[in-house]
Amino acid sequence: MAYSATTGSIKEDLLSKVWYITGVSRGFGKEFARSALGRGDKVAATARDTDSLSDLVAEFGDSVLPLPLDVTNRAQVFATVAETVARFGRLDIVVNNAGYTLFGMVEEITPEQLQHQLDVNLFGVFHVTQAVLPILRAQGSGHIVQISSVGGIVAFQGMAGYHASKWALEGLTETLAQEVAQFGIKTTLVEPGGFATDNGGSSAVRTVPLPQYDGIRKAIQDLGPGAGWGDPVDAGHALLDIVDAQQPPARVFFGAKPIDIVEPVYAERLETWRRWQPVAEKADGIPVA
C-alpha cells in the first residue's frame, strides 16, 4: 500500500484490486463482476458478445473494461489479458468462469461434442492460465480462481462430457497450485452445487437421445431442478471472502448441499480401496494372505 502525503490517506487506486473474469455475460460471471465493482475494484469483463456487458458499463463506467472473448481462441485470450494490464497496470485476480454443460449419455456423445466441451471448459482455462502466469510471476502475487463444480469430484448420469472437463480441470489446478506457490500465486477451485444460472438453459448442449436410455432420462427429469437452488448474487458476495483471505482455500464448495453429496461418495471410495487392498498388494508382488 502507498501513503499519499497530500491527502493523508492510502491511495484508493492501490487498495482496489484488478480482476480478469471470463464468461461475464450472465450467471456467476455477471455477479462476480458486479460484486467486485460494487466495492470499488476494477474488472476486465469478457464475453463473446460485449452487448451483454452494457449494464455493467452503464453502472460502473471506466471501472469496467468490456472485452470480446471466445476462450477457445488462444490468441484472443492473450490479447485481452495484455489489454487488461495495459489499461489497469496490473492483475490481481483471475476468475476462469466461462463454460457450459453438455448433457447426454456416453454412448450418445459425438467426438465433436466432447472435443468442444473440453475446448471451452478445459482448454479455455488452460489458455487463460498460461496467459496470466508470466504477469503474476513478475508481480510476485495474484490469485487464480477456477470455477469447477461439485461435478468435478462426483459424477451423475447423463453428464459425462461435462464431468470429463471438470475432473480434468481439478487435476490441472491441483498441479498448478503446487508449481506456482513459490511465486506467491494462490489458486482456488470453487465447486458450486445447484444454482439458478443458465446451466441447463440456452447455453447448454444436448446430445441426440438414444431410446435405450429413456428410463434414465425420465428418472433425471423426475428429479426436477431441485428446490432451494442458490442465488448467483450470494455467490458473488461469497467469492469476495475467498479472494480477500490471507490464506484462501485450495478448494471450496459454494452452496449448502455439496458436502452432503460428497461425503458418502468419498466414504464409499475409501471403503472400496481398503477392501481391495490385498489385490492391490498382489499387483505389487506381495503375496495375498
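Reading the values: the criteria
Residues numbered from 1 in each chain as written. Predicted model: local features only at pLDDT ≥ 70, side-chain atom pairs only at ≥ 80, totals over all residues. Heavy atoms only, no water. Helix = DSSP H or I, 4+ residues; strand = E, 2+ residues; numbered from the N terminus. Expected span 1.5 Å × (residues − 1). Buried < 20%, exposed > 50% of the residue type's maximum accessible area, 1.4 Å probe, protein only. Core = buried A, V, L, I, M, F, W, Y, C linked by side-chain atoms within 4.5 Å. Contact = heavy atoms within 4.5 Å. Pairing = 2+ DSSP bridges. Right-handed = clockwise from strand over helix to strand, strands pointing away.

Caption draft 1: Inspection of helix 2 (residues 27-38) at higher detail. Here helix 2 is twelve residues long and its end C-alpha atoms lie 17 Å apart, about the 16 Å a rise of 1.5 Å per residue gives. Counting buried residues in helix 2 gives nine out of twelve residues, a clear majority hidden from the surface. Of all the residues in helix 2, the buried ones are Phe28, Gly29, Lys30, Glu31, Phe32, Ala33, Ser35, Ala36 and Leu37. Looking one or two residues past helix 2, Gly40 carries a phi angle of roughly 100°, positive in sign.

Caption draft 2: Fine view of the nonpolar core. Counting 27 residues, the largest nonpolar core has Trp19, Phe32, Val95 and Leu239 as the members making the most contacts within it. In contact with Leu239, not counting residues within four places along its chain, are Trp19, Phe32, Val95, Val145, Val190 and Phe254. Of all hydrophobic cores here, the second largest spans 26 residues; its members include Leu65, Val81, Leu91 and Leu176.

Caption draft 3: Region of interest: the pairing of strand 4 (residues 42-47). The buried fraction of strand 4 amounts to five of the six residues, a majority that puts the element mostly inside the structure. Where strand 3 (residues 18-21) lies against strand 4, four bridges are found, and the strand directions are parallel. When the bridges of strand 4 are listed, Ile21 appears paired with Ala45. Each parallel crossover has a hand, and for strand 3 linked through helix 2 to strand 4 it is right-handed. Of the pairings in the sheet, the one linking strand 4 to strand 5 (residues 64-68) comprises five bridges and is parallel in character. Within strand 5, the residue paired with Thr46 across the bridge is Leu67. As a crossover connection, the stretch from strand 4 through helix 3 (residues 54-60) into strand 5 is right-handed.

Spatial relationships are all this shows, so hold off on functional conclusions.
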